[in-house]
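Observations on chain architecture
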Amino acid sequence: MNYLKWVEIEESAPDWNLRQLRACSEDEQNFPVCAVVKANAYGHGVREIISLLPSAAWFAVNSLDEGLELRHCGIERPVLILGYVLLDRLAEAIEADLRLTVYNTETLEKLKEAASPKKPARIHIKIETGTNRQGILPENLPEFLSCAALIPGIKIEGLSTHFANIEDTLNHEYAETQLHRFEEVLRLIGDAGVHPEVIHTACTAAAILFPETHFNMLRTGIGLYGLWPSRETYLSAQTAGRPVPDLKPVLSWKTKIAQIKIIPSGSFVGYGCTFRTNRKTRLGVLPVGYADGYDRGCGNSAHVLIRGKRAPLLGRVCMNLLMVDLTDIPQSRLEDEVVLLGKDGDEIISAEMMAEWAGTINYEIVTRISPFMPRVIKRGKESVH
Ligand SMILES: *Cc1c(COP(=O)(O)O)cnc(C)c1O
């Protein structure tokens, strides 16, 4: 591999994970899954990931530009934009047949000009049920619906909401309250004669733990990448008496040793002199830093893998460099492969471990891996072209 630093993607893992999540639903063969590929497919590389998800019925992204990129890559399946689209760019979304998440009457007003029965705006109304993020409050819905009904170019295709508190707890009462609010809204809009085809509320944790949230499509992100939303979700799944998906991590992140040198006992390493050697130390310099997405919080606490062994980080993480202790891996050589995230022999550095070192969550660890890093698709040990 002629790269200094790169990300490897296991070819079969994304679709495997998708099918594992789908198996959590009752109609497991055909149940539609919307694959959430926002944020460069959670840092994995969106172009690579979409090519490895043949079983995804839909894709979801955050922004208009991400949606346009999917179209540019030749994706013809439905694509839902989850985030906000500027009023002046709504016409571009309609032109590319991207589905819009809508919760503002201002957006409806603008769609009046931009959409027509021949080129409809397919909208998914997002309901505020208690996350207090994006969404329309149930009490404002009647007005919103009557406004939408007057616009011939608008097709209400979907209805959605998002849960606030499934991942972080073993107590799921809050999620149940949100679900009840959502079900009330479903009745209300049915009474108003509106029947969206696609009802979707289930992120990965909901998909695994709450079949009641599945409606007629899952909307999952983190699980596709082989990662559990949290330890609480994993524990809840073990005791829920439901199928537990076998998720396979998709990504490994690697680099090569850029310098090796012996420094005396008592030497300081890195900015701020936060580490001092207490023995003669074989120091390895790695060409990766926080600008590449390697969390600065990992300084003085993380490990990397070299020749199947753990090497501890010494000192702070720099912008494009970090230092490790190779004293106990004397056989290591310049340009040896280094695993920052992933497996090497019997050792593993998981996104969860790294998250713990950095004081964050696995989602943030993977999504912040720099998009400039080359992504290489692997089939077992072989590169796939
Ligand atoms: C990111 C996101 C998801 C996916 O959540 P996961 O926990 O990664 O499965 C689903 N819905 C919305 C609205 C999101 O923003």
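The structure displayed is predicted, hence computed values, not measured ones.

With that settled, consider the domain arrangement of the protein chain. The domain architecture assigned to the protein chain consists of domain 1 (12-239) and domain 2 (251-384). Averaged C-alpha coordinates put domain 1 and domain 2 at centres separated by 36 Å. Taken together, the contact between domain 1 and domain 2 spans 15 residues of the former and twelve residues of the latter. When the two sides are added together, the surface that domain 1 and domain 2 hide from each other amounts to roughly 1,100 Å², 59% of it contributed by carbon and sulfur. Here domain 1 is connected to domain 2 by one salt bridge.

All right, on to the environment of Ala23 then. With respect to the secondary-structure elements, Ala23 resides in the loop between helix H1 (13-22) and strand S2 (33-36). Since its relative accessible area comes to 25%, Ala23 is described here as partly exposed. When neighbours within four sequence positions are excluded, Ala23 is seen to be in contact with Glu28 and Pro243.

The next point concerns the sheet that holds strand S3 (residues 58-61). One closed barrel accounts for eight strands, arranged S2-S3-S4-S5-S6-S7-S8-S9; its pairing is parallel. Each strand axis lies, on average, 30° off the axis of its neighbour in the sheet, ignoring direction.

What follows is about unusual backbone geometry. Even without a glycine there, the phi angle at Ala39 is positive, about 55°. Considering the arrangement of structural elements, one finds Ala39 in helix H2 (residues 38-42). In the Ramachandran plot, Asn300 falls in the positive-phi region, its phi being about 60° despite a non-glycine side chain.

What follows concerns the pattern of salt bridges. Within this structure, the stated rule accounts for 24 salt bridges. Residues Arg122 and Asp97 are paired through a salt bridge, measuring 3.1 Å at the closest nitrogen-oxygen approach. Taken together, the residues Arg122 in strand S6 (residues 121-126) and Asp97 in the loop between helix H5 (90-95) and strand S5 (99-102) connect sequence positions 25 residues apart. By relative accessible area, which is 29% here, Asp97 ends up partly exposed. Put simply, Glu8, Lys254, Glu337 and Lys378 are held in one network by salt bridges that share partners.

Each value, and the rule that gives it
Residues numbered from 1 in each chain as written. Predicted model: local features only at pLDDT ≥ 70, side-chain atom pairs only at ≥ 80, totals over all residues. Heavy atoms only, no water. Domains from an automatic or database assignment. Contact = heavy atoms within 4.5 Å. Buried area = accessible area lost by both parts, 1.4 Å probe. Salt bridge = Lys/Arg side-chain N within 4 Å of Asp/Glu carboxyl O. Helix = DSSP H or I, 4+ residues; strand = E, 2+ residues; numbered from the N terminus. Buried < 20%, exposed > 50% of the residue type's maximum accessible area, 1.4 Å probe, protein only. Pairing = 2+ DSSP bridges. Axes fitted to C-alpha atoms, helices over the stretch in contact; angles between N-to-C directions.

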